[in-house]
Amino acid sequence: MNITKANGKAEYALIENLKKRAGETDSKIVEIVTNVINSVKAEGDEAVREFTARFDGTVPKKTVITKEELQSYLDEVDDDFKKAIVNAQKNIFDFHKRQAQQSWLTTQPNGVIMGQRVRGLKRVGIYVPGGTAAYPSSVLMNAIPARIAGVEEIIMVTPPSKNGKPNPYIMAAAAVAGVDKGFLVGGSQAVAALAYGTETIPKVDKIVGPGNIFVATAKKLLYGVVDIDMVAGPSEILIVADKTAKPSFLAADLMSQAEHDRLASAILLTTSSDIARQTAKELEKQVKSLERREIISESLTNFGEIIVCESLNQAIEFANELAPEHLELCVEEPLKYIGMIDNAGSVFLGNYSPEPLGDYYAGPNHVLPTSGTARFFSPLSVDSFIKKSSFIYYTEEELRKSKDYIVKLADTEGLTAHANSIKVRFE
């Protein structure tokens, strides 16, 4: 990784380089995905099977996994994994249940009643990657807040393994998380099936979960037909460190995100030149023993950087400008700075709160805004799975008191039918 001294220009040039990763989707991919979407919309299951055979090489004999069958996979995974997901489920549930909102109403002495009704979506679809990128943790992070929100039915789609069977770890996680039904289908055809519904796959109100470029493009194109969580970009980590940080920790944490993707970014901001040099050495040392070292090396070379800053305030100012997905504060007094962080998906405080703690276990959601969108987007939460509607009750007397103001506003906007709706009640 390059070591750069912050000068007000070099570090911000890095942001421009990172923005290039989130460019427009390749037109050929859009064309392919659009064809898949239109075919699934018109032909349903037949199109899903056709594209599954074309893209995956085979169609599983059994594609539907019932809730009872999901439970059976808990007997197919090892006890240590089972204990891990049960403990993680508890932590994730406990964190997210605090986000739940309640319906409310207010009554006034004049008889006016107003309020808001909060309820979960009827049906949600969760996309879970399969194959080499099989992430049981994604099942927990997507399904648990949906269940807390009161979603009536949670549907999971996931590609089958090469042998045509489900990934048992994904299925076991689905059982623990409260998924109602699973389907062994992936790719853009699975997203289209969830959006429009087929003979076997029910139509959903919202689609969440990560996927490859075809899945992401399908979600983007179908937004409006259904709601989606977000169009996620490559993974990101930004670490702010002072002289008390441990270079071996910093290097390990940078690589924990770099291994996700060749386009992932891993950046260290430190006030210590010595820490910068030692971390660079640790990267060279540790990467040799890691299975995904080729991906890590390419990621760090193209989108990684170590930047030496004059102060922690300067580093935090840059962090807010970058608005990273993951931000670690490996500093002596991390809680002192939490109030200064305005733009970050999730913040990890201190040397013993590494990013993987959030990915798997602590409780906060790991579905986070990327590519600088933490400036205006929030992590996936219970709020992502609810809808709200307001209600109003006025008496005749109270409407009479307000009618002239309403008519004036309507007439000013040139909406005479609006005004007439008020006037006709008092003629």
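What you see is a predicted model, and the numbers here were worked out from it, not measured in a lab. (Residues numbered from 1 in each chain as written. Predicted model: local features only at pLDDT ≥ 70, side-chain atom pairs only at ≥ 80, totals over all residues. Heavy atoms only, no water.)

S.K.: Kindly report on the side chain of aspartate 229, identifying the contributing residues and their values.
M.R.: Turning to its location among the elements, aspartate 229 is positioned in the loop between strand 9 (227-228) and strand 10 (236-241). Taking relative accessible area as the criterion, aspartate 229 reaches 17% and is therefore assigned buried. Of the polar contacts made by the side chain of aspartate 229, one reaches the side chain of lysine 219; its length is 2.7 Å. For aspartate 229, the residues in contact, after removing those within four places along its chain, are Asn142, Lys206, Ile207, Val208, Gly209, Lys219, Val367 and Leu380. (Helix = DSSP H or I, 4+ residues; strand = E, 2+ residues; numbered from the N terminus. Buried < 20%, exposed > 50% of the residue type's maximum accessible area, 1.4 Å probe, protein only. Polar contact = N/O pair within 3.5 Å; in protein donor to acceptor, adjacent residues only side chain to side chain. Contact = heavy atoms within 4.5 Å.)

S.K.: Tell me about the nonpolar core, residues and numbers included.
M.R.: Grouped together as the largest cluster of nonpolar side chains are 42 residues, with contacts concentrated most on Val139, Leu140, Met156, Met171, Val179 and Phe385. At the level of secondary structure, the elements contributing two or more residues to this core comprise helix 5 (79-96), strand 5 (123-127), helix 6 (136-149), strand 6 (153-157) and helix 7 (168-177). Ignoring sequence-local partners within four residues, the contact set of methionine 156 consists of Ile126, Val128, Val139, Ile170, Met171, Ala174, Val179, Lys181, Gly182 and Phe183. (Core = buried A, V, L, I, M, F, W, Y, C linked by side-chain atoms within 4.5 Å.)

S.K.: Quick rundown of the environment of isoleucine 239? Include the residues and the values.
M.R.: Position of isoleucine 239 relative to the elements: it lies in strand 10. Taking relative accessible area as the criterion, isoleucine 239 reaches 0% and is therefore assigned buried. Sequence spacing of isoleucine 239 and isoleucine 316 is 77 residues, and the spatial spacing of their C-alpha atoms is 9.9 Å. Once residues lying within four places of it in the same chain are set aside, the contact partners of isoleucine 239 are Leu250, Asp253, Leu254, Ile267, Leu268, Leu269, Glu328 and Cys330.

S.K.: How would you summarise the pairing of strand 4 (residues 113-120) if you had to cite specific residues and measurements?
M.R.: In this sheet, strand 4 lies alongside strand 3 (residues 104-107) in antiparallel orientation, the contact comprising four bridges. Of the residues in strand 4, the one forming a bridge with leucine 105 is glycine 115. A loop of five residues connects strand 3 with strand 4, the two strands running antiparallel in sequence, and glycine 111 in this loop sits at a positive phi of about 95 degrees. Note that strand 4 and strand 15 (residues 386-393) share eight bridges and pair antiparallel. Bridging from a neighbouring strand, methionine 114 pairs with isoleucine 392 of strand 15. (Pairing = 2+ DSSP bridges.)

S.K.: Give a description of the state of the cysteines that names residues and reports values.
M.R.: Counted by the stated rule, this structure contains zero disulfides. With no disulfide of its own, cysteine 309 lies 14 Å from the sulfur of cysteine 330, the closest cysteine sulfur. (Disulfide = S-S within 2.5 Å.)

S.K.: Please set out the side chain of serine 138 residue by residue, giving values where relevant.
M.R.: Checked against the element boundaries, serine 138 lands in helix 6. Its relative accessible area of 3% is what places serine 138 among the buried residues. The contacts of serine 138, once residues within four sequence positions are left out, are Pro210 and His366.

S.K.: Describe in detail the sheet that holds strand 9, supporting the description with residues and values.
M.R.: Taken in spatial order, the six strands make up an open sheet running 2-7-6-5-8-9, and their pairing is mixed. Of all the strands in the sheet, the pair left with one neighbour each is strand 2 (64-65) and strand 9. Summarising the sheet, strand 2 and strand 7 (residues 181-183) pair through two bridges and their orientation is antiparallel. Within strand 7, the residue paired with valine 64 across the bridge is phenylalanine 183. Sheet contacts for helix 6: strand 5, strand 6 and strand 8 (206-208); angle to strand 6, the most-contacted strand, approximately 165 degrees. (Axes fitted to C-alpha atoms, helices over the stretch in contact; angles between N-to-C directions.)

S.K.: Just give me the short version of helix 13 (residues 312-322), but keep the residues and values in it.
M.R.: Inspection of helix 13 places Leu312, Ala315, Ile316, Phe318, Ala319, Asn320 and Leu322 among the buried residues, and these make up the whole buried set. The secondary structure elements touched by the buried residues of helix 13 are helix 1 (10-19), strand 10, strand 11 (265-270), strand 12 (304-308) and strand 13 (326-330). Phi for alanine 323, located one or two positions after helix 13, is positive at around 50 degrees.

S.K.: Tell me what's going on with helix 9 (residues 213-222), and back it up with residues and numbers.
M.R.: Considered for burial, the residues of helix 9 that qualify are Val215, Ala216, Thr217, Ala218, Lys219 and Leu222. Buried residues in helix 9 make contact with helix 2 (27-43), strand 5, helix 8 (187-196), strand 8 and strand 9.

S.K.: Summarise the packing of aromatic side chains; cite the residues concerned and give the values.
M.R.: Counting across every chain of the model gives four aromatic pairs. On the numbers, 5.6 Å between centres and 75 degrees between planes, the contact of phenylalanine 249 with tyrosine 352 is edge-to-face. One end of the pair, phenylalanine 249, is in helix 10 (residues 247-258); the other, tyrosine 352, is in the loop between strand 14 (346-349) and helix 14 (355-360), with 103 residues separating them in the sequence. Positioned above the aromatic ring of phenylalanine 385, the side-chain terminus of lysine 206 is 5.8 Å from the ring centre. (Phe/Tyr/Trp six-rings, centres within 6.5 Å; stacked < 30°, edge-to-face > 60°. Lys NZ or Arg CZ within 6 Å of the ring centre and 35° of its normal.)

S.K.: Mind laying out the sheet that holds strand 14, listing which residues take part and the relevant values?
M.R.: Two strands in a sheet stick together by hydrogen bonds in their backbones, pointing the same way (parallel) or opposite ways (antiparallel). Strand order in the open sheet made by the six strands is 1-12-11-10-13-14, with parallel pairing throughout. Two strands close off the open sheet at either side, each with one partner strand: strand 1 (3-5) and strand 14. Shown here is a sheet whose adjacent strand axes are inclined to one another by a mean of 20 degrees, direction ignored. Across five bridges, strand 11 lies against strand 12 in parallel orientation. Across the sheet, residue threonine 270 finds its bridge partner in strand 12, namely valine 308. Running over the sheet, helix 10 touches strand 10, strand 11 and strand 13 and is turned about 165 degrees from strand 10. Against the sheet, helix 11 (residues 273-287) engages strand 1, strand 11 and strand 12, with an angle of about 155 degrees to strand 12.

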